[in-house]
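Inside the fold
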Amino acid sequence: MNYNVNEKGYYGEFGGAYIPEMLYPNVEELRQQYLSITAEEGFQKEFRQLLRDYVGRPTPLYFAERFSEKYNTKVYLKREDLCHTGAHKVNNTIGQILLAKRLGKNRIIAETGAGQHGVATATVCALMGLECIVYMGEIDIKRQAPNVARMKMLGATVVPATSGSKTLKDATNEAIRDWINNPVDTHYIIGSVVGPHPYPDMVARFQSVISEETQKQLLEKEGRERPDYVVACVGGGSNAAGIYYHYLNEPEVGIIAVEAAGKGIDTGESAATSALGKMGIIHGSKTLLMQTADGQITEPYSISAGLDYPGVGPMHAHLFASGRGEFISITDENAMKAGLELCKLEGIIPAIESSHALAIFEQRKFKEDDVVVLNLSGRGDKDLNTYINYFNL
Ligand SMILES: *Cc1c(COP(=O)(O)O)cnc(C)c1O
């Protein structure tokens, strides 16, 4: 079996491009050009140089000695928390803005929920001097004031989405509407491995630098390119796609995906899509989706804003359905404990998203000589208030 996208834009039965007819020309332009443009020598040179000098790559692969001792196995952390802007998201926004420039686009739009993708997009627009419009639900604008301020400081216009539940899905609808109305000069930067083909594959390729580096770094440290397991949290699935990418078709590497159980899978306040979702269509892609019996999207819940998404990307839906990936869900409570534990054991304050991945070691045992690479997707600065309120710090 092949776990990469096929030429029709599918991963098994998931993926495709289920879009309104008026969006077709934009998506089709991208589909026809993304592979040839990103393969150009000039593109690769600029992309690699910015990843090195601006983002700070390669990020370290760090052997977490005290954490490993506690769980009696060998745990390496891929330190995406050390990227400029504090998480892996910037790998993708750099790639997409370089692509947008080569397509002759001078106006960038994006949607954002918690604001992390909005900040990563505003950052690269400032870097390139391009106009940036970020759609964000009115409720999210109130909840995520520091990220709204960051986007404004970086020169972006933040437009409130005032329809529906005034959150991420409504912001996405506004962004799509904008793109339909501005097909010629505008590129839409999607923030995860979601959306119509070619977005999931394009974003996965930009994030694949994570496992590309891991192969080299592990060879240096362990004498082999392949760990026994790669582990990542999954919201839409982009940091996970990055750490899995070069191991997807190597069956000796176990793939572990960690979803947010929220308050518990059966509580109605959860974001564990593989456990609760059914096949459906979201953001132009056929994938696993949390929905009601008559097909309405269910509001997800997680303490972590980045995992609070009702679907997963089609790559992950296929990894789940085919059995290639092992899916584990982690509650708010266990994630918060694991985050605090990493602080005490390693002196690293993780993003709450990443804390979900760290929490699996309490419930999933590994062999003593297993090499487990965990993608530490981001740092915890943005989550300080949540940590403060949760632990009464
Ligand atoms: C956005 C975010 C995530 C979730 O997004 P993916 O596309 O699933 O990677 C995870 N961790 C951090 C730190 C994030 O900012």
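To be clear, the structure that these remarks concern was listed above.
A brief report on the enclosed structure follows. (Residues numbered from 1 in each chain as written. Predicted model: local features only at pLDDT ≥ 70, side-chain atom pairs only at ≥ 80, totals over all residues. Heavy atoms only, no water.)

Right, let's talk about the pattern of salt bridges for a bit. Scanning the model with the defined rule gives 25 salt bridges in all. Glu-362 serves as the salt-bridge partner of Lys-70, at 3.9 Å between the closest nitrogen and oxygen. Of this pair, Lys-70 sits in helix α3 (residues 65-71) while Glu-362 sits in the loop between α15 (352-358) and β14 (371-376), placing them 292 residues apart in sequence. Between Glu-333 and Lys-337 there is a salt bridge, with its nearest N and O atoms 3.9 Å apart. Pair noted here: Glu-333 and Lys-337 are both in helix α14 (residues 332-346), with a separation of 4 residues, about one helical turn. A relative accessible area of 44% means that Glu-333 is categorised as partly exposed. Salt bridges sharing partners connect three or more residues here, namely Arg-57, Lys-78, Glu-80 and Glu-213. (Salt bridge = Lys/Arg side-chain N within 4 Å of Asp/Glu carboxyl O. Helix = DSSP H or I, 4+ residues; strand = E, 2+ residues; numbered from the N terminus. Buried < 20%, exposed > 50% of the residue type's maximum accessible area, 1.4 Å probe, protein only.)

Time to look at the side chain of Asp-332. One can find Asp-332 in helix α14. Buried and without a salt bridge, Asp-332 has Lys-263 as its closest oppositely charged side chain, separated by 5.8 Å. Among the polar contacts listed, one links the side chain of Asp-332 to the side chain of Tyr-301, at a separation of 2.6 Å. The contact partners of Asp-332, leaving out residues within four places of it in the chain, are Gly-262, Lys-263, Tyr-301, Ser-302 and Ile-303. (Lys, Arg positive; Asp, Glu negative; His and termini not counted. Polar contact = N/O pair within 3.5 Å; in protein donor to acceptor, adjacent residues only side chain to side chain. Contact = heavy atoms within 4.5 Å.)

Okay, the sheet that holds strand β13 (residues 325-331) next. A sheet is described by the order of its strands in space; here 6 strands give the open sequence β3-β4-β14-β9-β10-β13, paired in mixed fashion. Each edge of the open sheet carries a strand with a single partner, namely β3 (61-63) and β13. Each adjacent strand pair in this sheet contributes to an overall mean axis angle of 25 degrees, direction not counted. When strand β9 (residues 229-233) meets strand β10 (residues 254-262), the two strands line up parallel, connected through 5 bridges. Bridge pairing in β10 links Val-231 to Ile-256. Of the strands in this sheet, β3, β4 (74-79), β10, β13 and β14 are in contact with α14, which crosses β13 at around 95 degrees. (Pairing = 2+ DSSP bridges. Axes fitted to C-alpha atoms, helices over the stretch in contact; angles between N-to-C directions.)

Limitation: the analysis is restricted to geometry and does not speak to function.
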